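Survey of secondary and tertiary structure
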2 protein chains.
Amino acid sequence: MNSDTKLRFGRKVISVEEARSLLYEYVNHTEIESVSLASAFGRRLAVDINADHPVPHFRRSGVDGYAVCAEDIEQASPEQPTVLRVIERIPSGTVPRWNVQSGLAARIMTGAPVPDGADAVVMLEMTDSLQDEGRNASYVSIKKNVQAGSNITPIAGEVALGELLLEDGTRIGPGEAAILAAFGHAEVPVYRKPKVAIFSTGSELLNVDEALQPGRIRNSNSYMLAAQVEAAGGSAVIMQALSDDPLQVETALREALGQVDLVLTSGGVSVGDYDVLVDVFGRFEGKLLFNKVAMRPGTPTSGAIWNNRLLLALSGNPGASFVGFELFAKPMIKAMSGCKAPCSAAISAFLDVDYAKGSAYPRYVRGTTLVEDGCLRVRPSGIDKSSIMVSIKDADCLIYLPAGGKGFVRGESVLIYPIQ
Amino acid sequence: MNSDTKLRFGRKVISVEEARSLLYEYVNHTEIESVSLASAFGRRLAVDINADHPVPHFRRSGVDGYAVCAEDIEQASPEQPTVLRVIERIPSGTVPRWNVQSGLAARIMTGAPVPDGADAVVMLEMTDSLQDEGRNASYVSIKKNVQAGSNITPIAGEVALGELLLEDGTRIGPGEAAILAAFGHAEVPVYRKPKVAIFSTGSELLNVDEALQPGRIRNSNSYMLAAQVEAAGGSAVIMQALSDDPLQVETALREALGQVDLVLTSGGVSVGDYDVLVDVFGRFEGKLLFNKVAMRPGTPTSGAIWNNRLLLALSGNPGASFVGFELFAKPMIKAMSGCKAPCSAAISAFLDVDYAKGSAYPRYVRGTTLVEDGCLRVRPSGIDKSSIMVSIKDADCLIYLPAGGKGFVRGESVLIYPIQ
């Protein structure tokens, strides 16, 4: 058996987890860049964010009303209101000028700082405002007693100084954006988006803008993979589809590997005479990490390293490309962009149909979930459709079906990996 | 009661659904623009996509092997293989030159067109190739019979000519991108991203790049809402926070309304003395659609129209702003960008904790889901946290809790609205 035949037929099979570990050894996060907060949405933080001030950083009124000394109004009731002299008005955003001493009150707005001396705020609805025009003085009649501390959030009542708010690697969504804004991060250090070059192989492939020709089809995998790359947080570069010439292919791949963080190919990894990636790996100066994975679809998925750059070669079938991307490429792209837990955790769901096909290898089946009476049900995507390409859009998870001969029945509990 | 007092205290309460309907009357989708397929990911299609050719558009081989007349190999077995003369080699992407007649076979690759005359393809693994050097002829020894039709996908076997593949309004993800590419849509008509101007109100608000000051806080709602806008498919424009001066505010809002598809404000809609949006609505030349919604949080959420442009005024509390956005603004933005079912459907889940607080109005509580043994469980986000702002990032749904006095207990079935 020569080395070429061995590459095609004598492949050593490894598990999905082993293949991932082999790839991960070469995954590094990208460098850090600084972007404005408004353009940081969807990116991943490259630092921990700790509170550099407490929240609130002043005693804050939670309501519109009057800041008072609670002792003064202990006896207040609708029948016997307590009248206090109003010394000032504190809109939010201003600072109190006076202390509130016994017998006094300050009109205060929601969010404004409670003046020193006051230890409670009475809601506006429980008061009547009185005006003594002659003495040019304002009074408030308070109809209810409140406990000391009422309607006041103490300093650090929400967030302590130094508290860890967001961890390095966190994806910046609406809640994270609010925190970053509140703590003054107008510029945010994030990881550069990993660049991913995408090649399809096959001389049957036409560009998307070419007219259909006999025996030829348009390259759709590259666009599918590009959309997956962008959804994973990467930046996709769609390359011209590869020819059947191993030397040309090697040159194209080498050039791409010098410019991007990851090269993805689809097709050309099987056992056919024209599976050019196999030929390239046969003469490869880099290191072939694996070329057979115990999974269906996508058994001939291959991984390689060239000058410390990663090359992941996916099966050419659209379904296998999609699944291979989700299992291997997406976690790599997420890890490169700083994600600390890049593999989506499996959750359990109930199989909603029989799945009769057993398999010598574990299957990762594109699945569609639905929730019924609080239960998560899942069925293979597109079982009612004859085209894999048309059903890919319906997948929101991968269903993991362990190897075995007997298949699975409706109602059985299975593990699924949600997509996104 | 003068009109101002009426606006503050005499508000007519309407349901969330009624408020939505009032807003929706003024929602139109944006105009259509054409973008390249690679930049269309995440956008919404502005046309139906029908198959302008069948898939496959030729009889396609599903395997590497030999195209034969099934009749010829009816008797083939490992012991008594049938030998056929190989007339040509058909890589994928090429067109057969010859018909396959009885006694003949053609070497064919996966994806290549099956030659006329042949009605089955035998997998390579079931054959041996023979070479007659003297006569310069190739033969194949076939060790297994296969049925007519085997390993051939007929024309239109996957997609029929004219089949509806993608509907107007569909969001373009990986599966949609593959379909668009396969059918030659290098340029894709999509709806323009709706532009959304975002104003926060409150003179306590500092810009995100300003140093903290006594009694003042940084504007975080605008960034939270901007991230929500972008996640909903809109384009966010963060405006300078609004002052307390109704005339200035009216001018700023009017100007924005002339330039964007939707104006969002947060804060200033309550009953406080400085709730400037209420003053603006009091002198408003446009039409106030509603200013009180039967919901918590966010009861004073208000909607208005000005020259056919929409203004949605959210409560200023970060939790209320977040919820109000999800209930009202997100579906509007999705509808503007072409989505045909912009409100996320409710699904059922099991409450994972007691929720003791009853409410006169239905509550929409920010929730966090988890799946346990195939069951969807949900708990209010941040029940272990003292800051609403810090817990917003943990929400992946809104829990709908109907009005009523008694609260809810752990294990009860509730409806939730997933976010995204």
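Structure report, in brief. Not measured: the values here are computed from a predicted model.

Below, the discussion takes up the pattern of salt bridges. Scanning all chains against the criterion turns up 29 salt bridges over all chains. A salt bridge links B:Lys143 to B:Asp128; the shortest N-O distance between them is 3.5 Å. Note that B:Lys143 is positioned in the loop between strand 9 (137-142) and strand 10 (152-153) and B:Asp128 in strand 8 (residues 127-132), a separation of 15 residues in sequence. We classify B:Asp128 as partly exposed; its relative accessible area is 37%. Measuring nitrogen to oxygen at the nearest pair gives 3.4 Å for the salt bridge that ties B:Arg410 to B:Asp352. Placement of B:Arg410 in the loop between strand 24 (397-401) and strand 25 (413-418) and of B:Asp352 in the loop between strand 21 (347-351) and strand 22 (363-372) is noted, with a sequence separation of 58 residues between them. Owing to a relative accessible area of 51%, B:Arg410 belongs among the exposed residues under this scheme. Within this structure, A:Asp352, A:Glu372, A:Arg377, A:Arg379 and A:Arg410 form a network of salt bridges that share partners.

Before going further, it helps to examine the sheet that holds strand 4 (residues 65-68) of chain A. All names here are of chain A. Reading across from one edge, 7-4-6-5-9-8 is the order of the six strands in this open sheet, with mixed pairing throughout. Strands with a single pairing partner mark the edges of an open sheet, and in this sheet they are strand 7 (120-123) and strand 8 (127-132). Going across the sheet, the axis of each strand differs from the next one's by a mean of 40°, ignoring polarity. Where strand 4 lies against strand 7, four bridges are found, and the strand directions are antiparallel. Across the sheet, residue alanine 67 finds its bridge partner in strand 7, namely valine 121.

On to the pairing of strand 17 (residues 262-266) of chain B, then. Two faces belong to every sheet, and in a regular strand the side chains alternate between them. Residues and elements named next belong to chain B. Counted residue by residue, strand 17 has five buried out of five residues, so it is predominantly covered. By the alternation rule, side chains of strand 17 split into Leu262, Leu264 and Ser266 and Val263 and Thr265, which are all buried. Where strand 13 (residues 195-200) and strand 17 come together, five bridges link them in parallel fashion. Within strand 17, the residue paired with phenylalanine 199 across the bridge is threonine 265. Where strand 17 lies against strand 20 (residues 309-314), five bridges are found, and the strand directions are parallel. Residue pairing across strands places valine 263 opposite leucine 311, the latter belonging to strand 20.

In screw terms, the move from chain B to chain A is a rotation of 180° and a rise of 0.0 Å along the axis, fitting with an RMSD of 0.0 Å. In symmetry terms, the pair is related by a two-fold rotation axis. Relative to the rotation axis, the closest C-alpha in chain B is found at B:Cys375, a distance of 2.3 Å.

What follows is about the packing of aromatic side chains. Scanning the model with the defined rule gives six aromatic pairs over all chains in all. Plain terms: the ring middles of A:Tyr364 and A:Tyr400 are 5.4 Å apart, the flat faces sit at 55° to each other, and that makes the pair tilted. Taken together, the residues A:Tyr364 in strand 22 (residues 363-372) and A:Tyr400 in strand 24 (residues 397-401) connect sequence positions 36 residues apart. Judged by relative accessible area, which is 4%, A:Tyr364 ranks as buried. In this structure A:Tyr400 comes out as partly exposed when scored by relative accessible area, which is 23%. An aromatic cluster is built from A:Tyr364, A:Tyr400 and A:Tyr417, whose rings are joined through pairwise contacts. In this structure, B:Lys406 packs its charged tip against the face of B:Phe408, placed 5.8 Å from the ring centre.

Our focus in this paragraph is the interface of chain B and chain A. Each side of the interface is counted separately: chain B has 75 residues, and chain A has 75 residues. Roughly 5800 Å² of surface becomes buried between chain B and chain A when both sides are summed, with 68% attributable to carbon and sulfur atoms. Between the two partners, chain B and chain A, sit zero salt bridges. Between the two partners, chain B and chain A, sit 16 residue pairs in polar contact (both at pLDDT 80 or more). Of all the elements in the fold, those that place two or more residues in the side of chain B that touches chain A are strand 11 (164-166), helix 3 (174-182), strand 15 (217-218), helix 4 (221-231), strand 21, strand 22, strand 23 (375-380) and helix 8 (388-391) of chain B. For the side of chain B that touches chain A, the element with the highest residue contribution is helix 3 of chain B, accounting for nine residues. Classifying every residue of the side of chain B that touches chain A by side-chain character gives 40 nonpolar, 21 polar and 14 charged.

Criteria and cut-off values
Residues numbered from 1 in each chain as written. Chains lettered and ligands numbered in written order. Predicted model: local features only at pLDDT ≥ 70, side-chain atom pairs only at ≥ 80, totals over all residues. Heavy atoms only, no water. Salt bridge = Lys/Arg side-chain N within 4 Å of Asp/Glu carboxyl O. Helix = DSSP H or I, 4+ residues; strand = E, 2+ residues; numbered from the N terminus. Buried < 20%, exposed > 50% of the residue type's maximum accessible area, 1.4 Å probe, protein only. Pairing = 2+ DSSP bridges. Axes fitted to C-alpha atoms, helices over the stretch in contact; angles between N-to-C directions. Least-squares fit on C-alpha atoms with pLDDT ≥ 70 in both. Phe/Tyr/Trp six-rings, centres within 6.5 Å; stacked < 30°, edge-to-face > 60°. Lys NZ or Arg CZ within 6 Å of the ring centre and 35° of its normal. Contact = heavy atoms within 4.5 Å. Buried area = accessible area lost by both parts, 1.4 Å probe. Polar contact = N/O pair within 3.5 Å; in protein donor to acceptor, adjacent residues only side chain to side chain. Nonpolar A, V, L, I, M, F, W, Y, C, P; charged D, E, K, R; others polar.

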